[in-house]
Amino acid sequence: QVQLVESGGGLVQAGGSLRLSCAASGIMSRINAMGWYRQAPGKQRELVATITRDDFTNYADSVKGRFTISRDNAKNTVYLQMNSLQPEDTAVYYCNADIVRNWPPNEFNYWGQGTQVTVSS
């Protein structure tokens with residue numbers, strides 16, 4: 001059973017920083033794209049950032065210049081460094097990954113359970 005487990009959320013003051021981690025575990029052949037999404041109360045889940053296996057990145061306009069996504073393929077882990085956090089960044093942050101299983105060798109999309117990030121003003 002493949003699982004994504006996030007960590008690193010918490011409460012921070014505006015202007016502060018947090019680093020989220022998401023580790024994939026289970027029997028898998030390869031992890032392709034990984035990413036972070038977030039969902040604020042009363043809003044739809046939205047993309048924050050994605051990263052390909054070859055480290056090509058994509059960011060939402062609202063986080064460009066403040067957030068950095070990275071990954072460690074040897075550890076099956078993706079990170080999100082969040083700087084200059086603002087109250088509007090408050091949300092549950094979800095990890096997402098496209099993972100190829102050993103057998104059948106098909107790609108499946110997985111979500112983590114989410115981690116709360118709260119930014120106080």
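Anything mentioned here points back to the structure above.
None of these values were measured; they are calculated from a predicted model.

Rules used throughout
Residues numbered from 1 in each chain as written. Predicted model: local features only at pLDDT ≥ 70, side-chain atom pairs only at ≥ 80, totals over all residues. Heavy atoms only, no water. Helix = DSSP H or I, 4+ residues; strand = E, 2+ residues; numbered from the N terminus. Rg over C-alpha atoms; globule rule 2.2 N^0.38 Å. Buried < 20%, exposed > 50% of the residue type's maximum accessible area, 1.4 Å probe, protein only. Contact = heavy atoms within 4.5 Å. Salt bridge = Lys/Arg side-chain N within 4 Å of Asp/Glu carboxyl O. Disulfide = S-S within 2.5 Å.

Student: Looking at this model, I keep getting lost on the overall build of the protein chain. Mind explaining?
Tutor: Secondary structure summary: the protein chain contains zero helices and eleven strands in total. Listing the helices and strands of the protein chain from first to last along the sequence gives β-β-β-β-β-β-β-β-β-β-β. The C-alpha atoms of the protein chain give a radius of gyration of 14 Å, which matches the 14 Å a tight globule of 121 residues would have. Reported as C-alpha extents along the three principal axes, the dimensions of the protein chain are approximately 50 × 25 × 25 Å. When the 121 residues of the protein chain are sorted by exposure, 41% land in the buried category. For the protein chain, restricting intrachain contacts to residue pairs at least 6 apart in sequence, the fraction spanning at least 24 positions comes to 56%.

Student: Help me out: how do you make sense of the pattern of salt bridges in this one?
Tutor: When the charged atoms of two side chains with opposite charge come close together, those side chains can pair. One pass over the full model with this rule turns up four salt bridges. With its nearest N and O atoms 2.7 Å apart, the salt bridge here joins Arg-38 to Glu-46. Look at Glu-46 and you get partly exposed, because its relative accessible area is 37%. One network of salt bridges, with partners in common, ties together Arg-38, Glu-46, Arg-66 and Asp-89.

Student: It is not clear to me how the state of the cysteines should be interpreted in this structure. Could you clarify?
Tutor: Here, the word disulfide means a covalent bond between the sulfur atoms of two cysteines. For the coordinates displayed, the defined rule picks out one disulfide. One disulfide bridge connects Cys-22 with Cys-95, the sulfur atoms lying 2.1 Å from each other. Taking the torsion about the S-S bond as the criterion, the Cys-22 to Cys-95 disulfide, at about -80 degrees, is left-handed. Remark: Cys-95 occurs in strand β9 (residues 91-100) and Cys-22 occurs in strand β3 (residues 18-25); sequence separation between them is 73 residues.

Student: Help me understand the side chain of Asp-89, please; the structure alone is not making it clear to me.
Tutor: Within the element layout of this structure, Asp-89 appears in the loop between β8 (77-82) and β9. A relative accessible area of 0% means that Asp-89 is categorised as buried.

Student: Help me understand the environment of Leu-4, please; the structure alone is not making it clear to me.
Tutor: Inspection of the secondary structure assignment puts Leu-4 in strand β1 (residues 3-7). Between the C-alpha atoms of Leu-4 and Arg-101, which are 97 residues apart in sequence, the distance is 14 Å. Residues contacting Leu-4, with those up to four places away along its chain left out, are Cys-22, Ala-23, Ala-24, Cys-95, Asn-96, Ala-97, Ile-99, Tyr-110, Trp-111, Gly-112 and Gln-113.

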